[in-house]
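# Tertiary structure, described
What follows is each chain in one-letter form.
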Amino acid sequence: MNTERQLTALLADSGVVWQRKMGEIRFRLTSGAMTWEMACRCLDDQVLLYGRYPFRIPADRRGRALEACCEINGQVIRGGMYLTREGRAVFRTWAGMGDGYMARENLAQALEYNMAVIIRFWGRMAPDICMSEESLPGSSKIDLESKG
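Now for a quick tour of the structure. Every residue gets a number counted from 1 within its own chain, in the order that chain's sequence is written. Local features in this predicted model are restricted to residues of pLDDT 70 or higher, and side-chain atom pairs are both shown and tallied only at a pLDDT of 80 or more, whereas totals for entire chains, interfaces and linings draw on every residue. Side-chain figures throughout are based on the complete set of non-hydrogen atoms in the structure, without hydrogens or water.

This part takes up the packing of aromatic side chains. A pair of Phe, Tyr and Trp rings is counted when the ring centres sit within 6.5 Å of each other, with Trp represented by its six-membered ring. The angle between the planes then sorts it: under 30 degrees is stacked, over 60 is edge-to-face, the rest tilted. Applying the stated criterion across every chain, the model contains five aromatic pairs. In textbook terms, an aromatic cluster arises when at least three aromatic residues are bridged by ring pairs, as seen for Trp36, Tyr53, Phe55 and Trp122. For a Lys NZ or an Arg CZ to count as sitting over a ring, it must be within 6 Å of the ring centre and within 35 degrees of the ring normal. In this structure, Arg78 packs its charged tip against the face of Tyr113, placed 5.6 Å from the ring centre.

And the structure:
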């Protein structure tokens, strides 16, 4: 099974509404009052996962946000936080999909890790820097552990 089919099957089993846009599988996640976009790029043997905060950081506050990215990267063990040119904070992880027996579990673990980092550092990236939300697909609450 190819990586895109494995990803979309996991999302469907979890009840997540997703869309294909600009070569990515995109969906919106919610935890409490926090809502953000997840974008996934499927390659031959891995899936790259991009957790995107729903705000842009103004140019005059990007230095502080870059410092936060460095601090966060010093604490995480899988993936990295960065700012886009447009000032979007993004946390990128990946899931190895080469082992057919472990692919789904690897993907679920990578999604859960990405979500945990986004939630854990929300306050570090968000204070006083929210500008505007972009249009995202419908929001989904995701529970990857309950589906098998």
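An α-helix turns once per 3.6 residues; consequently, residues spaced three or four apart project the same way. With 12 residues, helix α2 (residues 62–73) should reach 16 Å at 1.5 Å per residue; the first-to-last C-alpha distance of 16 Å fits that figure. The set of residues buried in α2 consists of Ala65, Ala68, Cys69 and Ile72. Along the axis of α2, the buried positions cluster into a sector of 105 degrees, meaning they face one direction only. Note on definitions: a residue-residue contact is assigned when non-hydrogen atoms from the two residues lie within 4.5 Å. Strands here mean DSSP runs of E at least two residues long; helices mean DSSP runs of H or I at least four residues long; both are numbered from the N terminus. Buried residues in α2 make contact with β5 (80–83) and α4 (122–125). Expected helix span is taken as 1.5 Å per residue step, with the number of steps being one fewer than the number of residues. Burial status follows relative accessibility: with a 1.4 Å probe on protein chains alone, a residue under 20% of its type maximum counts as buried, one over 50% as exposed, and anything between as partly exposed. Regarding the arc, it is the one traced by the directions from the helix axis to the C-beta atoms.

Note on definitions: salt bridges are taken to be side-chain nitrogens of Lys or Arg within 4 Å of carboxyl oxygens of Asp or Glu. Scanning the model with the defined rule gives eight salt bridges in all. Between Glu4 and Arg20 there is a salt bridge; the shortest N-O distance is 2.0 Å. Pair noted here: Glu4 is in helix α1 (residues 3–13) and Arg20 is in strand β1 (residues 18–21), with a separation of 16 residues, a long-range link. Take Glu4: its relative accessible area is 27%, and that puts it in the partly exposed class. Linking Arg52 and Glu24 is a salt bridge whose minimum nitrogen-to-oxygen distance equals 3.0 Å. Of this pair, Arg52 sits in strand β4 (residues 46–56) while Glu24 sits in strand β2 (residues 24–31), and the two are 28 residues apart along the sequence. Each of the two residues, Arg52 as well as Glu24, counts as buried. Several salt bridges share partner residues, and in doing so they unite Glu24, Arg26, Glu37, Arg41 and Arg52 into one network.

With that out of the way, let us pick up the side chain of Thr93. Among the structural elements, Thr93 can be located in strand β6 (residues 88–96). On the basis of relative accessibility, which here comes to 1%, the residue Thr93 falls in the buried class. Here a polar contact means two N or O atoms within 3.5 Å. Within protein one must be a hydrogen donor candidate and the other an acceptor candidate, and residues neighboring in sequence count only if both atoms are side-chain atoms. Here Asn114 takes part through its side chain, which lies 3.1 Å from a polar atom of the side chain of Thr93. When sequence neighbours within four positions are dropped, the list of residues in contact with Thr93 reads Val47, Leu48, Leu49, Arg78, Gly79, Ala110, Tyr113 and Asn114.

Moving on to the pairing of β5. Remark: a regular strand shows side chains that alternate across the two faces of the sheet. Any two strands are treated as partners once DSSP identifies two or more bridges connecting them. Here β5 pairs with β6 via four bridges, running antiparallel. Counted as the bridge partner of Leu83 is Ala89 from β6. Here β5 folds back onto β6 in antiparallel fashion, the turn holding four residues, of which Gly87 has a positive phi close to 90 degrees.

Bear in mind that shape data such as this cannot, by itself, settle questions of function.
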